[in-house]
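Listed below are the residues making up each chain.
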Amino acid sequence: MEIKSIFGREDKIVIGMVHCLPLPGSKNYGGDVEKIVSQAVQDAKTLEKAGCSGLIVENMGDSPFGIQLDEPQIATLAIAADHVKRAVSIPVGVDAAMNDYRTNFAIAKAVGAKFVRIPVFVDTVEFYGGIIKPVAREAIAYRSALNCEDVAILADIHVKHTHMLLSEVTVEDSARNAQDCGADAVIVTGRYIGTETPLDIIKRARKVINLPLFVASGVKPENIQEQLNIANGAIIGSSLKEGGVLTNPISAELCKKVFDALND
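Bear in mind the structure is a predicted one, so any value in this text is a computation, not a measurement.

A. Quick peek at the packing of helix α3 (residues 71-87) against helix α4 (residues 101-111). The interhelical angle for the contact between α3 and α4, taken along N-to-C directions, is 40 degrees, at an axis separation of 10 Å. Classed by the angle they form, the pair α3 and α4 counts as oblique. Once α3 is placed against α4, the crossing between them reads as right-handed. Mapping the contact onto sequence places I74, L77, A78, A81, D82 and K85 in α3 and T103, I107 and V111 in α4. Split into classes, the residues belonging to the contact of α3 with α4 amount to six nonpolar, one polar and two charged.

B. Representation of the pairing of strand β4 (residues 115-118) in the model. Alternating positions in β4 separate into two faces, F115 and R117 on one and V116 and I118 on the other, with burial throughout. Of the pairings in the sheet, the one linking strand β3 (residues 92-95) to β4 comprises two bridges and is parallel in character. Along β4, the bridge assignment pairs V94 with V116. Remark: the β3/α4/β4 crossover connection has right-handed handedness. Relative to strand β7 (residues 152-156), β4 runs parallel, the two sharing four bridges. In the sheet register, F115 faces β7, and the bridge partner there is A152.

Criteria and thresholds
- Residues numbered from 1 in each chain as written.
- Predicted model: local features only at pLDDT ≥ 70, side-chain atom pairs only at ≥ 80, totals over all residues.
- Heavy atoms only, no water.
- Axes fitted to C-alpha atoms, helices over the stretch in contact; angles between N-to-C directions.
- Helix = DSSP H or I, 4+ residues; strand = E, 2+ residues; numbered from the N terminus.
- Parallel < 35°, antiparallel > 145°, perpendicular 65-115°, else oblique.
- Left-handed = near helix turned anticlockwise from the far one by under 90°.
- Contact = heavy atoms within 4.5 Å.
- Nonpolar A, V, L, I, M, F, W, Y, C, P; charged D, E, K, R; others polar.
- Buried < 20%, exposed > 50% of the residue type's maximum accessible area, 1.4 Å probe, protein only.
- Pairing = 2+ DSSP bridges.
- Right-handed = clockwise from strand over helix to strand, strands pointing away.

Here is the structure:
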């Protein structure tokens with residue numbers, strides 16, 4: 001799937017994160033599904049109005065994460081994604097964190113999402129919930145089984161909040177593997193949410209792949225131009241929220257600062 005055919009451009013692509021409030025079954029669930037959906041829709045509209053090329057709907061409030069979602073999370077994430085899809089005219093993607101590719105594709109198929117984010121596609125990593133094994137083969141097969149080959153895969157490498165189980169596997173190794181295994185775009189991040197992705201990591205991945213490359217942590221007005229001179233796009237979430245607090249709504253003012261810096 002050509003990324004240009006989804007976003008209508010090859011570079012300076014900005015994908016805004018719609019971070020859902022904690023879903024049912026999660027530790028911090030607030031008991032109000034309607035509030036989850038309404039904030040997701042409002043954030044989506046704010047991001048579209050600001051100039052985002054696309055959106056990702058994610059269950060970011062569900063910490064501590066499992067590798068797969070449970071049924072109440074799946075149902076509510078699907079509802080939120082559907083409402084977001086109906087509320088905006090830009091492409092919508094899904095990220096069922098931590099690494100639930102089946103839920104990603106199932107929701108994408110049901111709501112007409114154009115892409116999914118798979119955090120652990122070709123690496124083997126450790127996080128507080130255990131070891132996550134790569135799912136490239138299974139994800140490609142499941143996408144085919146659902147007859148949704150038109151849903152693009154944006155695949156992280158050396159993803160934030162995890163540690164590589166094999167430290168000798170380099171960024172270059174993972175980037176090449178993601179490309180060879182069928183990713184439609186590659187994502188690089190910093191160590192944790194909100195932390196700047198090192199420029200060296202972006203450059204190293206860029207050198208070894210022909211796929212579109214996205215930067216997905218710590219993108220802000222001060223660095224967006226420099227990073228997108230190398231990468232094709234950015235995935236932005238926490239820097240668009242007051243104080244970087246994930247449960248806060250998207251700030252139109254912070255969006256404007258990012259886009260003003262990008263277009264300066």
